[in-house]
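# Structural overview
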Amino acid sequence: MLYGAQTARRRDAQRNRAAIITAASEVLSGPEPTALMPEVARRAGVGQATLYRHFPDRHALTVAVIGHHLQELETAAAASTERPALFRPLLRHVLHSLIAMRPLVLLAQRIDPGARRRYIRRAIAALSPPLRKAQESGYVRHDLVPDDLILLFTMVRGAAEATGDVVTGLVAGDRSIDLVLDGVFL
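### Overview of the environment of alanine 172
- When you line up the elements, alanine 172 lands in helix H9 (residues 166–184).
- Taking the C-alpha atoms as reference, alanine 172 lies 8.5 Å from valine 156; in sequence the two are 16 residues apart.
- In contact with alanine 172, not counting residues within four places along its chain, are Ala159 and Thr163.

### Brief notes about the side chain of threonine 163
- The topology assignment puts threonine 163 in the loop between helix H8 (148–161) and H9.
- By relative accessible area, threonine 163 is classed as buried at 19%.
- A polar side-chain atom of threonine 163 sits 3.2 Å from the main-chain carbonyl oxygen of alanine 160.
- A distance of 3.0 Å separates a polar side-chain atom of threonine 163 from the backbone nitrogen of glycine 169.
- Leave out the neighbours within four places in its chain, and threonine 163 touches Thr168, Gly169 and Ala172.

### Looking at the packing of helix H5 (residues 87–100) against H8
- Running from N to C, H5 and H8 point in directions that differ by 40 degrees, and their axes come no closer than 9 Å. Comparing their axes, H8 and H5 come out oblique. Helix-helix and strand crossings are classified by hand; for H5 and H8 the assignment is right-handed. Every residue of H8 that contacts H5 at Leu91, Val94, Leu95, Leu98 and Ile99 is listed here: Leu149, Leu152, Phe153, Val156, Arg157 and Ala160.
- Residue composition of the contact of H5 with H8, grouped by class: 10 nonpolar, no polar and 1 charged.

### Some remarks on H5
- An ideal rise of 1.5 Å per residue puts 20 Å on 14 residues; H5 measures up with 20 Å between its terminal C-alpha atoms.
- Residues Phe87, Leu90, Leu91, Val94, Leu95, Leu98 and Ile99 constitute the buried set of H5.
- Elements in contact with the buried residues of H5: helix H4 (58–80), helix H6 (102–108), helix H7 (113–136), H8 and H9.

### Side note on the confidence of the model for the protein chain
- The share of residues in the protein chain with pLDDT of 70 or more is 93%, and the mean pLDDT across the chain is 90.
- Model confidence for the protein chain, summarised as mean pLDDT per element, is weakest for helix H1 (residues 2–27) at 80 and strongest for H7 at 97.

### As for the nonpolar core
- Residues Val40, Leu61, Phe87, Leu91, Leu95 and Phe153 are the most contacted members of the largest nonpolar core, which totals 54 residues.
- Among the secondary structure elements, those contributing two or more residues to this core are H1, helix H2 (36–44), H4, H5, H6, H7, H8 and H9.
- Per-element tally for this core: the top contributor is H7, with 8 residues.
- With near-sequence residues (within four places) excluded, phenylalanine 87 lies in contact with Leu127, Pro130, Leu131, Ala134, Val140 and Phe185.

Reading the values: the criteria
- Residues numbered from 1 in each chain as written.
- Predicted model: local features only at pLDDT ≥ 70, side-chain atom pairs only at ≥ 80, totals over all residues.
- Heavy atoms only, no water.
- Helix = DSSP H or I, 4+ residues; strand = E, 2+ residues; numbered from the N terminus.
- Contact = heavy atoms within 4.5 Å.
- Buried < 20%, exposed > 50% of the residue type's maximum accessible area, 1.4 Å probe, protein only.
- Polar contact = N/O pair within 3.5 Å; in protein donor to acceptor, adjacent residues only side chain to side chain.
- Axes fitted to C-alpha atoms, helices over the stretch in contact; angles between N-to-C directions.
- Parallel < 35°, antiparallel > 145°, perpendicular 65-115°, else oblique.
- Left-handed = near helix turned anticlockwise from the far one by under 90°.
- Nonpolar A, V, L, I, M, F, W, Y, C, P; charged D, E, K, R; others polar.
- Expected span 1.5 Å × (residues − 1).
- pLDDT = per-residue confidence, 0-100.
- Core = buried A, V, L, I, M, F, W, Y, C linked by side-chain atoms within 4.5 Å.

In structure tokens:
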């Protein structure tokens, strides 16, 4: 029986962790700045002690949320590799996430530069196979190399951040995504 009780707590801890990461993703997608940790705990339906037991500080939570989104990207990219027509919506989603999750992007800029480079490389590694397939199938221009995706990320982020407010930034970001994608896809 003791073994079963530990498993139940383990599942409960896993649910709490998942709820916290989901809530943090929601908070970091919001247009308004908020006190991150208390709002995440509230949205996840857990106490602050539970939140801090899983993530001792904002940095640890930021790293977990980035890891979660990278895992989702890797899964989506792998699923779209054999369906090259899906590369455009996948890339659109990635680019839109950069502007929609602006608070997360800003927090990520505070992370150790080496870790940031590893996250970028992980994203590029996930996007490279579907990019190659889309190129082979005639959907994407052939001179685009995987590292050009970093340039696209920077361009879209720059357009969104150049404005004075969040709403205008989202509009500018979406417009820049349209322009960028029109330049990438045939």
